[in-house]
Amino acid sequence: MIMRLTILLTAFWGALVYPLHGEISADTELASMPQRSSVLVLYPDEGEDHALGELHAVNIANLAGRHAEAALAGISQYQPNDRDAHDALIVVNSTYGQTVPAALLDDAMNGEGATVWIQPDPASLQASAPGLAARIGWLAEAATTKTFPEVVYRGEHFTRSPDSTDLVAGIRVTDPERVEVLAEMQAADGERMPWALRSGALTWVSESPMPYASEDDRYMVFADILSRTLAPDAPDVRQALMRIEDIGPDADPAQIRTLLAAIEALNVPFAATVYDTFVDPNGHFSNGRERRFSLNERPYLASALRDMARAGGTLIMHGQTHQHGAMANPNFGVSGGDYEFFRAGLDTGGRFELLGPFDDDRGEMWDARLDLAFANWDAAGLPQPWLFTSPHYAASQSAYRSMGTRFPARLERVLYFGGEASGANNGSNALYGEQFFPYPVRDIRGDVILPETLGNWAPQGSVHGRSMEAMLETARRNLVLRDSYASFFFHWYLDPARLTELTTSLQAMGYEFVSPQLAAAVIPARLPQADASETTRASQAYWGEVGSLRFWLRDQIELIILALVLLAHLLVFSIGPKHRRAAAH
């Protein structure tokens, strides 16, 4: 009881002091909204593996969502002058056996606006268009089986997975005055070959950047080239995002406050993911006895979370239970370790393996789950969240739709499914893949996604994380990108000293830590309008609640109640012995 009173006295002092430390206001962060352009993205709809090519085109359309609103269509469906309704054209002809309409090639070469063309066999395209090679200043040569494990871009070496075994087309520049080589592949012996090059308004990329994409991959190179092509005058960005991860009702409030003190000493904005209900349905950690409790039953922790918000922390909803039912998904069915919105297993190395949507996957189930989570946040006295992060970055299409109707933005990596562009998805969701973003985007579903680019730090020996050295090397390499985001997450129960080390190292590189709402402010509203975007309006409501009298009173009322309870206990202990002595006489 005395410890609880001490904690809440600290909360009382924090409620008075934290606003003086500079509450992060969305009003001060709202930048002028940039003008969005329009881009037409064409995907393969014929030939071998065209469904996979379509999924890659969805991923690339999502990347275009940094600066543009994307429309998707099949390559074979292209009609003369279709591109005229858009500011730019992206052709993802990344599979074999696709017929390219003559009108598409003619419009790509002669139309106004930029064209980005992705194709592994330029020789077939040049053969179908005599004179094209002379016009663009480079010539396609025979494909090579040689391995090129790196892509060199602006002086930095990005990886190219050895699993990328597709033949690579040889390209020879014939007119250096007309061609700018943007990036080169490099072999182990130092030989280089153009990977991406620009001739006039045409940007050519030698392969789809999507297979085997990782934090250090040539995927980052493509994303930067695309961003510079669609918005050549956009400013450079050097921003960092800190996210504290997996705070559930079983978290230790003392550790949360120790971590918060470390963050306060750094004086940087931050976010924290929170799930509201802890479940151990099979009693894995409680001798076979089921356990379930929510944040409103853990007032110490709820008070610490409110202090996080008062200190400038953006609290993010991280699912409702961070597990699903009584099943092992994939561990023991216990909150924090399992998936909530998608089925999962473990591979032979102990790594997570996605298995697909649940058998009973439906929107109504997810709607009810998220609505219950909002109610539990309110019961715990937490500000209503405007951001969401899916547990373990996985959810079904119907779950994403439920999230999209409740949250204007998410901070995470996202699953995308085959047939989302063509509408050919039959509900089986058999083809899907995760995409991470180098920068904020609005994806083809209309959802604003904030980037996570560095992963998470984990102690040596863990299969679920990265080393400090690897994270910092990724951040250093990414400084050559125009949109350079160092976004990571850090679990609440790890050593705060490592969080301090990571943060100060990123600051020394020139990264500025920003709040999620500032990062989201570069993406304007879905529809043209004069006022703020959905994310800015939602974050303003969040900070308005954090600064409200109701929010401040929550801790004070609880403090008063506990003080009265403590006083009653003291009276009982002091009066009880007197009664016993009187009875003895």
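Every chain is numbered independently, its residues counted from 1 as its sequence is written. Note on the predicted model: pLDDT of at least 70 is required for a residue's local features to be given, and 80 or more for side-chain atom pairs to be given and counted; whole-chain, interface and lining totals, by contrast, use all residues. Hydrogens and water molecules were not included; the side-chain quantities draw on all heavy atoms of the structure.

1. Points about the packing of helix H12 (residues 468-477) against helix H13 (residues 496-508)
Item 1. For helices, the axis comes from a line fit to the C-alpha atoms of the stretch in contact; other axes are also lines fit to C-alpha atoms, and the angle between any two N-to-C directions lies between 0 and 180 degrees. Comment: elements are numbered from the N terminus, with helices defined as DSSP H or I runs of at least four residues and strands as E runs of at least two. Put simply, H12 and H13 touch, their axes get as near as 11 Å, and they point 20° apart. In terms of axis orientation, H12 runs roughly parallel to H13. The handedness of the crossing between H12 and H13 is right-handed. Of the residues in H13, those touching H12 at Met468, Met471, Leu472 and Ala475 are Arg498, Glu501, Leu502, Ser505 and Leu506.
Item 2. Across the contact of H12 with H13, the residue classes tally to six nonpolar, one polar and two charged. Angle categories are assigned with fixed cut-offs, so that under 35 degrees is roughly parallel, over 145 is roughly antiparallel, 65 to 115 is roughly perpendicular, and the rest are oblique. Crossings are assigned a handedness: left-handed for a near helix turned anticlockwise from the far helix by less than a right angle, right-handed for a clockwise turn. Residue contacts are defined here by distance: any two heavy atoms, one from each residue, within 4.5 Å place the two residues in contact. Any residue outside Ala, Val, Leu, Ile, Met, Phe, Trp, Tyr, Cys, Pro, Asp, Glu, Lys and Arg is labelled polar, Gly included; the first ten of those are nonpolar and the last four are charged.

2. Brief notes about the sheet that holds strand S6 (residues 150-153)
Item 1. Read across the open sheet, the nine strands follow the order S2-S1-S3-S4-S11-S10-S9-S6-S7; overall the sheet is mixed. Edge positions in the open sheet fall to strand S2 (68-74) and strand S7 (156-159), since each of these has one partner strand only. Pairwise comparison of adjacent strand axes, ignoring direction, gives a mean angle of 25° for this sheet.
Item 2. The criterion for strand pairing is that DSSP finds at least two bridges linking the strands in question. In this sheet, strand S11 (residues 202-205) lies alongside strand S4 (residues 114-118) in parallel orientation, the contact comprising four bridges. Counted as the bridge partner of Thr115 is Leu202 from S11.
Item 3. Packed on one face of the sheet, helix H4 (residues 102-110) meets strand S1 (37-43), strand S3 (88-92), S4 and S11 and runs near 130° to S4.

3. Examining helix H10 (residues 363-379)
Counting along an α-helix, one turn takes 3.6 residues, and residues three or four places apart therefore face a common direction.
Item 1. Expected helix span is given by 1.5 Å per residue-to-residue step, counting one fewer step than there are residues. Spanning 17 residues, H10 covers 24 Å between terminal C-alpha atoms, matching the ideal 24 Å at 1.5 Å per step.
Item 2. A simple rule labels every residue: compare its accessible area, found with a 1.4 Å probe on the protein chains alone, to the largest value its type can have, and call it buried under 20%, exposed over 50%, or partly exposed in between. Of the residues making up H10, those classed as buried are Met365, Trp366, Arg369, Leu370, Ala373, Phe374, Asn376 and Trp377.
Item 3. Downstream of H10 by one or two residues, Gly381 has phi in the positive range, about 75°.

4. Examining the packing of aromatic side chains
Item 1. Two aromatic rings from Phe, Tyr or Trp, using only the six-membered ring of Trp, form a pair when their centres are within 6.5 Å; if the ring planes differ by under 30 degrees the pair is stacked, by over 60 it is edge-to-face, and anything between is tilted. Scanning the model with the defined rule gives 20 aromatic pairs in all.
Item 2. Aromatic side chains Tyr339 and Phe352 sit 5.3 Å apart centroid to centroid with 80° between the ring planes, which places their arrangement in the edge-to-face category. With Tyr339 in the loop between strand S16 (313-317) and strand S17 (343-346) and Phe352 in strand S18 (residues 352-356), the pair connects residues that are 13 residues apart, well separated along the chain.
Item 3. The class for Tyr339 is buried, based on a relative accessible area of 4%.
Item 4. An angle of 55° between the planes, with centres 5.7 Å apart, marks the rings of Phe417 and Tyr432 as tilted. Highlighted residues: Phe417 in strand S21 (residues 414-417) and Tyr432 in strand S22 (residues 432-435), separated in sequence by 15 residues.
Item 5. Since its relative accessible area comes to 0%, Phe417 is described here as buried.
Item 6. On the basis of relative accessible area, Tyr432 is assigned to the partly exposed category, the value being 23%.
Item 7. In this structure an aromatic cluster arises from ring pairing among Phe341, Phe358, Trp366, Phe374, Phe388 and Phe407.
Item 8. We call a charge positioned over a ring when the NZ of a Lys or the CZ of an Arg lies within 6 Å of the ring centre and within 35 degrees of the ring normal. For the cation-ring pair, Arg477 lies above Phe158, with the distance from its terminal atom to the ring centre recorded as 5.8 Å.

5. Some points on the environment of Val268
Item 1. Its location among the elements puts Val268 in the loop between helix H8 (253-266) and strand S13 (270-274).
Item 2. Linking Val268 and Glu512, residues 244 residues apart in sequence, is a C-alpha distance of 8.7 Å.
Item 3. If we skip the residues at most four places from it in the chain, Val268 touches Met242, Ile263, Thr503, Gln507 and Phe513.

6. What about unusual backbone geometry?
Item 1. The peptide bond linking Asn329 to Pro330 adopts the cis configuration, its omega dihedral lying at 10°.
Item 2. The backbone of Asp49 sits at a positive phi, close to 60°, despite the residue not being glycine.
Item 3. As for its placement among the helices and strands, Asp49 is situated in the loop between S1 and helix H3 (50-64).
Item 4. Residue Asp49 is classed as partly exposed on the basis of its relative accessible area of 48%.

7. Comments concerning the pairing of strand S26 (residues 483-491)
Item 1. For S26, the tally of buried residues reaches nine of nine residues, placing the bulk of the element in the interior.
Item 2. Residues Asp483, Tyr485, Ser487, Phe489 and His491 point to one face of S26 and Ser484, Ala486, Phe488 and Phe490 to the other, with burial holding for every one of them.
Item 3. Across nine bridges, strand S12 (residues 237-247) lies against S26 in parallel orientation. Bridging from a neighbouring strand, Glu245 pairs with His491 of S26.
Item 4. In the sheet, strand S25 (residues 455-456) pairs with S26 via two bridges, with the strands oriented parallel.

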